[in-house]
Amino acid sequence: MVLRGFRRFRLFFSYFKDLVGQEVTVELKNDLAITGTLHSVDQYLNIKLENTRVVDQDKYPHMLSVRNCFIRGSVVRYVQLPPDGVDVDLLHDAARREARGG
């Protein structure tokens, strides 16, 4: 069972690596949402963003001066991807392989 979880984790890691250079929005578990250019992602799904801006600037005015940030993977709730950056067929194939156990 641990191996299956590792494969799923690796699938996300590979997918995020392909999105480097594209704009994403990362929502954290504390409700802070940050939009920026994905600079890098590592095997723990830690994310580095450049050219960042806070989605709700009125709620988080202290974040207005932050332009680059490193986000620990364990505090990420969601990552909103660019619509044109999603290969739906690839995701369907990966989900089918996972459901079959391979």
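Residues numbered from 1 in each chain as written. Predicted model: local features only at pLDDT ≥ 70, side-chain atom pairs only at ≥ 80, totals over all residues. Heavy atoms only, no water.

- The protein chain is annotated in an unreviewed UniProt entry as Sm-like protein LSM2 from Eruca vesicaria subsp. sativa.
- Quoted straight from UniProt, the Subcellular location (unreviewed entry) entry for the protein chain says "Nucleus". (UniProt positions renumbered as here; feature names shortened; annotations may be inferred.)

Some words on the overall build of the protein chain
Here is step 1 of the chain: On a plain count of helices and strands, the protein chain comes out with two helices and five strands.
Here is step 2 of the chain: Its helices and strands in sequence order give the protein chain the pattern α-β-β-β-β-β-α, from N to C terminus.
Here is step 3 of the chain: Expressed as a percentage of its 102 residues, the buried residues of the protein chain come to 31%.
Here is step 4 of the chain: In the protein chain, the share of contacts with a sequence separation of at least 24, taken over all contacts with a separation of at least 6, comes to 50%.
Here is step 5 of the chain: Surface accessibility of the protein chain: about 7000 Å² in total, with carbon and sulfur atoms responsible for 54%. (Helix = DSSP H or I, 4+ residues; strand = E, 2+ residues; numbered from the N terminus. Buried < 20%, exposed > 50% of the residue type's maximum accessible area, 1.4 Å probe, protein only. Contact = heavy atoms within 4.5 Å. Areas by Shrake-Rupley, 256 points an atom, 1.4 Å probe, with all protein chains shown as cover.)

Thoughts on the sheet that holds strand β4 (residues 69-71)
Here is step 1 of the chain: Spatially, five strands are ordered β4-β3-β2-β1-β5 in an open sheet, and the strand pairing comes out antiparallel. Two strands bound the open sheet, and with one partner strand each, they are β4 and β5 (76-80). Taking the axes of each pair of neighbouring strands and ignoring which way they run, one obtains an average angle of 45° across the sheet. (Pairing = 2+ DSSP bridges. Axes fitted to C-alpha atoms, helices over the stretch in contact; angles between N-to-C directions.)

Some thoughts on unusual backbone geometry
Here is step 1 of the chain: At aspartate 31, a residue that is not glycine, the phi angle is positive and equals roughly 75°.
Here is step 2 of the chain: Among the secondary structure elements, aspartate 31 is positioned in the loop between β1 (23-28) and β2 (33-41).
Here is step 3 of the chain: Here aspartate 31 falls in the partly exposed class, since its relative accessible area comes to 43%.
Here is step 4 of the chain: The backbone phi angle of asparagine 51 is positive, close to 55°, even though this residue is not glycine.
Here is step 5 of the chain: Mapped onto the fold, asparagine 51 is located in strand β3 (residues 47-54).
Here is step 6 of the chain: Residue asparagine 51 is classed as exposed on the basis of its relative accessible area of 55%.

So, the confidence of the model for the protein chain
Note that predicted coordinates carrying low pLDDT should not be read in detail.
Here is step 1 of the chain: Overall, the predicted model of the protein chain reaches an average pLDDT of 83, with 86% of residues at or above 70.
Here is step 2 of the chain: Across residues 1-6 the pLDDT falls below 50, and counting only partners more than four positions away or on other chains, this stretch makes two contacts in the model. (pLDDT = per-residue confidence, 0-100.)

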